[in-house]
Amino acid sequence: MALISLDEAKGYLRVDTADEDAMIGILLSAAERLCADVARLTDEQWEAVSSDAEDASLLPVRETMKVAILYALGYLFEHREEADHHELTLTLRSILFAIREGVV
């Protein structure tokens, strides 16, 4: 399961048509993987965070990951021609700092 559905992603990007669904889906997958990597989540941890399981202890991590994924998605969508991945990664590190450091 993904933390963010294609419909949620399209709503965030303000895209009303299905013309760019494939590209948005690819960018969403890339944003999820990038955020999981920046947060230093193992595959098992990512599975737990992105699952449907009702675990209250994961709620802060899920919410922070959603913000980071939406930010990354928006950045990749808007800057698909000239994305500065270093700038993006630095911003994601700031957003995901608590998860990276094991605070959350």
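Scroll up to find the structure.
Each value, and the rule that gives it
- Residues numbered from 1 in each chain as written.
- Predicted model: local features only at pLDDT ≥ 70, side-chain atom pairs only at ≥ 80, totals over all residues.
- Heavy atoms only, no water.
- Helix = DSSP H or I, 4+ residues; strand = E, 2+ residues; numbered from the N terminus.
- Expected span 1.5 Å × (residues − 1).
- Buried < 20%, exposed > 50% of the residue type's maximum accessible area, 1.4 Å probe, protein only.
- Arc of directions from axis to C-beta.
- Contact = heavy atoms within 4.5 Å.
- Core = buried A, V, L, I, M, F, W, Y, C linked by side-chain atoms within 4.5 Å.

Kindly report on helix H2 (residues 21–38), identifying the contributing residues and their values.
Helix length check: H2 (18 residues) gives 25 Å between terminal C-alpha atoms against 26 Å at 1.5 Å per residue, within 8%. The set of residues buried in H2 consists of Ile24, Leu27, Leu28, Ala31, Glu32, Cys35, Ala36 and Val38. One side of H2 carries all its buried residues, which in axial view fall inside an arc of 170 degrees. With respect to the buried face of H2, the exposed residues turned more than 90 degrees away are Ala22 and Ile26. Summarising the contacts, the buried residues of H2 are in contact with helix H1 (6–13), helix H3 (43–50), helix H4 (59–78), helix H5 (85–95) and helix H6 (97–100). Directly after H2, the chain includes Arg40, whose backbone phi takes a positive value near 65 degrees.

Please provide a residue-by-residue account of the nonpolar core, values included.
Within the largest apolar cluster, 30 residues are counted, with the highest numbers of intra-cluster contacts made by Cys35, Trp46, Val49, Met65, Ile69, Leu92 and Leu96. Every element with two or more residues in this core is listed here: H1, H2, H3, H4 and H5. Broken down by element, the residue count for this core peaks at 9 residues, all from H4. Here Trp46 is in contact with Leu3, Glu32, Ala36, Leu41, Met65 and Ile69, once residues within four sequence places are set aside.

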